[in-house]
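Architecture and fold: a report
Residues per chain are reported as follows:
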Amino acid sequence: MTAKPSVLNDLPADLDRQKLPHHVAVIMDGNGRWANHKGLPRIVGHQRGVDALKALLRCCKDWGIEALTAYAFSTENWGRPLTEVDFLMTLFERVLRRELQEMIAEGVCIRFIGDLSALPISLQEEIGRAMEATRESENIQFNVATNYGGRREILQACRAIAAQVKANQLNLEEIDEAIFEKHLYTAGLTNPDLLIRTSGELRVSNFLLWQVAYAEIYVTNTLWPDFDRHAFHQALSDYQNRHRRFGKL
Ligand code: FPP
């Protein structure tokens, strides 16, 4: 998606609209700690996390950022207590149902990336409906990584390519980065320019391992539910002060 809204609402004056990232990826960490600090159950942290994500999506759209990718559930998150996993799956489903009409109205094109086949059937159906209903939307591309693992994504791409070679549909010498990218969940999407991680952890946690090769990484101590417009503004200011060299001098 390349079209940008013609009017950028409320873009802070100190940000250069020409130097905004095209694609922002975010590791939304700290929901549980946010809730603990307030003496609330962890699930309240996840509910507030959804509010923070919605606010960020609106902000990206208003400021003319073309794509946002959020890490909602990793392949490792199945190891959490069953009650929390169940809560998250139900939350995703409820949020999708609740927000679909607004996403359509706001021109959000939603896409889920990851191994969706392991998700509850009712969630898979809701995801299918939302992706179909917003397929043509052009204001912002919103990717939700769910049951996503970067290593698993790379392995399944390798398997798919190897199968093509074995079936004589592809020569070994033809395999290049462009062909490889076509087999990733993110096929057709641009790679992120900026990766944000909240709650201070300095890890990539198996997120978009291939795609973040040249992304600028921004880590903030802010816990995810507190990550608001002001915090995003700070991340963008920091990003605009980086000198991106892509390995060159
Ligand atoms: C990490 O906090 C956050 C998650 C597991 C993501 C929860 C998902 C959302 C907020 C958004 C869902 C979005 C859609 C579109 C359906 P944590 O539990 O790891 O926090 P902790 O490290 O403090 O324990």
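Residues numbered from 1 in each chain as written. Predicted model: local features only at pLDDT ≥ 70, side-chain atom pairs only at ≥ 80, totals over all residues. Heavy atoms only, no water.

Another aspect to go through is the site of the ligand. Near the ligand you find 15 residues, and of these Met28, Asp29, Arg33, Arg42 and Arg80 are the closest. Asp29 is positioned such that a nitrogen or oxygen atom in its side chain is 3.0 Å from an oxygen atom of the ligand. About the coverage of the ligand: the protein hides 91% of its 640 Å² of free accessible area. When residues in the shell around the ligand are grouped by element, the largest group, five residues, is from helix H2 (residues 42-62). Class assignment for the residues of the shell around the ligand results in six nonpolar, five polar and four charged. (Near = heavy atom within 4 Å. Polar contact = N/O pair within 3.5 Å; in protein donor to acceptor, adjacent residues only side chain to side chain. Areas by Shrake-Rupley, 256 points an atom, 1.4 Å probe, with all protein chains shown as cover. Helix = DSSP H or I, 4+ residues; strand = E, 2+ residues; numbered from the N terminus. Nonpolar A, V, L, I, M, F, W, Y, C, P; charged D, E, K, R; others polar.)

On to unusual backbone geometry, then. Trans is the prevailing form of peptide bonds, just as negative phi is the prevailing case for residues other than glycine. With a phi close to 60°, Asn168 is a non-glycine residue in the positive phi region. Here Asn168 shows up in the loop between helix H5 (150-166) and helix H6 (177-182). Phi is positive for Leu208, close to 45°, though the residue is something other than glycine. Inspection of the secondary structure puts Leu208 in the loop between strand S5 (194-197) and strand S6 (216-219).

To continue, consider helix H3 (residues 82-105). For H3, spanning 24 residues, the distance from its first C-alpha to its last is 35 Å, which sits close to the expected 34 Å at 1.5 Å a residue. Glu99 marks the point of greatest bend in H3, at about 50°. (Expected span 1.5 Å × (residues − 1). Bend = angle between axes of the 7 residues up to and from the residue.)

A word on the UniProt feature "active site" (unreviewed entry) in the chain. Summarizing the sequence annotation, UniProt attributes the feature "active site" (unreviewed entry) to Asp29 and Asn77 in the numbering used throughout. The largest pairwise C-alpha distance within this set of annotated residues, which runs over 49 residues, is 12.3 Å, so the set is compact in three dimensions. With respect to the helices, strands and loops of the structure, Asp29 is situated in the loop between strand S1 (23-27) and helix H1 (31-37). On the basis of relative accessible area, Asp29 is assigned to the buried category, the value being 17%. The contact partners of Asp29, leaving out residues within four places of it in the chain, are Arg197, Thr198, Ser199, Glu201, Leu223 and Trp224. (UniProt positions renumbered as here; feature names shortened; annotations may be inferred. Buried < 20%, exposed > 50% of the residue type's maximum accessible area, 1.4 Å probe, protein only. Contact = heavy atoms within 4.5 Å.)

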